[in-house]
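Working through the structure, step by step
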Amino acid sequence: MVTLEKIYQAAHALKGVIRETDLIKTTGLAKDCNLYLKPENLQITGSFKVRGAYFKMSGLSPEEAAKGVVACSAGNHAQGVALAAQKRGISATIFLPAAAPISKMEATRRYGAELKLIDGVYDDAFNASLKYQQETGAVFVHPFDDPDVIAGQGTIGLELLDQLPEIDAVIVPIGGGGLISGIAYAIKKLKPSCKVYGVQAQGAGSMLQALELQERKALAKVSTFADGIAVKSPGELTFAMCNEYVDAVATVSDDEIAAAILALMEQQKLVAEGAGAVAVAAAMTGKFPLEGKNVCAVLSGGNIDVNILAKVISRGLLTSGRRADLTIPLTDKPGQLESVAGIIAKLGANVTNVRHDQGGENTDINECILQVSIETKNMEHLEQVKEALHEEGYNLR
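Below is a summary of the structure that appears in this document. (Residues numbered from 1 in each chain as written. Predicted model: local features only at pLDDT ≥ 70, side-chain atom pairs only at ≥ 80, totals over all residues. Heavy atoms only, no water.)

Points about the packing of helix α9 (residues 206-213) against helix α10 (residues 236-245)
Helix packing for two helices is described by the angle between their axes and how far apart those axes are. Going by this rule: Structural elements are reduced to axes, namely lines fitted to C-alpha atoms, with helices fitted over the stretch in contact, and the angle between N-to-C directions of any two is expressed from 0 to 180 degrees. Under the scheme used here, helices are H or I runs from DSSP no shorter than 4 residues and strands are E runs no shorter than 2 residues, and both carry numbers assigned from the N terminus. In this scheme, a crossing is called left-handed if the near helix is turned counterclockwise away from the far one by less than a right angle; it is called right-handed if the turn is clockwise. By the convention used here, residues are in contact when the closest approach between their heavy atoms is within 4.5 Å.
α10 packs onto α9 with a crossing angle of 65 degrees between their chain directions and a minimal axis gap of 10 Å. In this structure, the crossing between α9 and α10 has a hand that is right-handed. Note on element contacts: α10 touches α9 through T238, F239, C242 and N243, opposite M207, A210 and L211.

Overview of the pairing of strand β9 (residues 248-252)
Inclusion rule: Buried, partly exposed and exposed residues are distinguished by accessible area as a fraction of the type maximum, computed with a 1.4 Å probe on protein chains only: under 20%, between the cut-offs, and over 50%, respectively. Between any two strands, at least two bridges found by DSSP are needed for them to pair.
Of all the five residues making up β9, four are buried; the element is thus mostly covered by neighbouring parts of the structure. Two strands pair when backbone bridges link them, and strand β8 (residues 195-201) and β9 are joined in this way by five bridges, in the parallel orientation. Bridge pairing in β9 links Q200 to T251.

Looking at the layout of surface pockets
For clarity, the threshold we go by: Note on definitions: the grid is 1 Å and covers protein atoms alone; a cavity is a set of points where a 1.4 Å probe fits but cannot get out; a pocket is an open set with protein on both sides within 12 Å along at least five of seven lines; lining residues have an atom within 4 Å of a point. Grid points are joined across faces, edges and corners, and a volume is the space filled by probe spheres set on the points. Here the nonpolar group is Ala, Val, Leu, Ile, Met, Phe, Trp, Tyr, Cys and Pro; Asp, Glu, Lys and Arg are the charged ones; every other residue, Gly included, is treated as polar.
There is about 430 Å³ of room inside the largest pocket. Forming the walls of the largest pocket are 21 residues, and the residues nearest its centre are A259, A263, Q267, M284 and S320. Secondary-structure elements contributing two or more residues to the lining of the largest pocket are α11 (254-268), α12 (274-284) and α13 (306-319). If one sorts the elements of the lining of the largest pocket by residue count, α11 sits on top with seven residues. Its residues placed into classes, the lining of the largest pocket shows eight nonpolar, seven polar and six charged.

Remarks on the packing of aromatic side chains
Note the threshold: Centres within 6.5 Å are what make two rings of Phe, Tyr or Trp a pair, Trp counting through its six-membered ring; a difference in plane orientation under 30 degrees is then read as stacked, over 60 as edge-to-face, and the rest as tilted.
Within this structure, the stated rule accounts for four aromatic pairs. With a centroid separation of 5.8 Å and an interplanar angle of 70 degrees, the aromatic rings of F126 and F140 are classed as edge-to-face. With F126 in helix α6 (residues 122-136) and F140 in strand β6 (residues 139-140), the pair connects residues that are 14 residues apart, well separated along the chain. Judged by relative accessible area, F140 falls into the buried class, the value being 15%. On the numbers, 4.4 Å between centres and 10 degrees between planes, the contact of Y197 with F288 is stacked. In this pair, Y197 is assigned in strand β8 and F288 in the loop between α12 and β10 (294-299), connecting sequence segments 91 residues apart. Each member of the pair, Y197 as well as F288, carries the same accessibility label: buried.

Remarks on the nonpolar core
We apply this condition: To qualify as a nonpolar core, a set must consist of buried Ala, Val, Leu, Ile, Met, Phe, Trp, Tyr and Cys residues joined through side-chain atoms within 4.5 Å.
If you look at the biggest cluster of nonpolar residues, it comprises 39 residues, and the most contacted ones within it are V170, I183 and I187. Looking at this core, the elements that each hand over two or more residues are α1 (4-14), α7 (147-163), β7 (169-173), α8 (178-190), α9, α10 and β10. The element contributing the most residues to this core is α8, with seven residues. Non-local contacts of I187, meaning those with residues more than four positions away in its chain, are made with G157, L160, L161, V170, P192, C194 and V196. Membership of the second largest hydrophobic core comes to 38 residues, among which are L29, C33, I257 and A277.

Quick notes on a nonpolar patch on the surface
Put simply, the rule reads: Patch building starts from residues that exceed 30% relative accessible area and form no salt bridge, then joins like charges within 9 Å and nonpolar side chains (Val, Leu, Ile, Met, Phe, Trp, Tyr) within 5 Å. In short, Shrake-Rupley with a 1.4 Å probe defines the accessible areas, and a residue's cover is counted only from the protein chains shown. The term salt bridge refers to a pairing of a side-chain nitrogen on Lys or Arg with a carboxyl oxygen on Asp or Glu at a separation within 4 Å.
Among the surface-exposed residues, L337, V351 and V354 lie close enough to one another that they form a single nonpolar patch of about 210 Å² accessible area. Locating V351 in the fold gives a position in strand β12 (residues 350-358).

Details of empty space enclosed by the protein
Taken as a whole and judged by the stated rule, the model has one cavity of 30 Å³ or more. Its boundaries defined by the atoms lining it, the largest cavity holds a volume of some 300 Å³. Counting only elements with at least two residues in the lining of the largest cavity, the list comes to α4 (76-88) and α8. A breakdown of the residues in the lining of the largest cavity according to their chemical character gives 13 nonpolar, ten polar and three charged.

Bear in mind that shape data such as this cannot, by itself, settle questions of function.
Right, here's the structure in full:
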């Protein structure tokens, strides 16, 4: 089982192997609380996973090490296991969902691991890896439901208490639950007054469901771009630990995650993947009672595919009111476009694209459709533009 002694052992084993990430204070990222960030996206391999993977492998006997290790992962655990195996001189075979980001696959290959891609999501790769382990005798390195792995992740809790002794709450992403189990155990044993909150994507709320039902029950499917936490069922050990040591769990939408990624990039100059940004998304949207508290949000990883990042930025701009597409029916006569553009410019918004279409079957003969893409400061600014257009007699679709 997980113990404080084991977590301290992990901290000792990880010295010189991992980076003790800084604690970064934010300004304006979340309302009504002092929000700090624990940027594990800046960790070696780009996520916290190397902590648990390395500690697990540091305890293998020579006989176990000779058989190699096997793991399954949506990407970050794969890199952690691959790097740890490389440092220990152990062969590693990693099973990944075929849809895992290419950047994560290539990074894992660079650390020398053998990859096996499986159709489906994490749970499908997990089942395939178990079969491989039974056939070969390799040591299975579980991504979350293992006491040594959990203890390795718990070293983040020790660092947080050293860096911010006056911490009141910590917000942690949840996939299978290994990260929050380790952090929650360390913090609750050393500072019981500190609240520990967990966050999942709305489309992958397996731990939240388990805690509400008081039983582990696999989701029929998961749906979120936050692939690092797209887990159908929490672990047996992690469920028990979350049940005992975690104060509350909430979910955030993909749009809220996208807005958090965008805010982190613009305000903190940090790139987080979807799973890594859920804690910040929860703080930004008021999912927990944080007013006046010293709060830390754990950025669990930053391994986001650049193609996904471009889509996330676009979605984040739309959901935060920074960009909008307006559709305006007009009478087809000279000066209409100039009038609309003048209203938008007067309020300090920027027109980025214009499209003028003649009316279709369901419009008046002399009607046309103007489609305008604009950039605004925020949602309030966007509403001001819309209201001004309405006041001038323009109807928006």
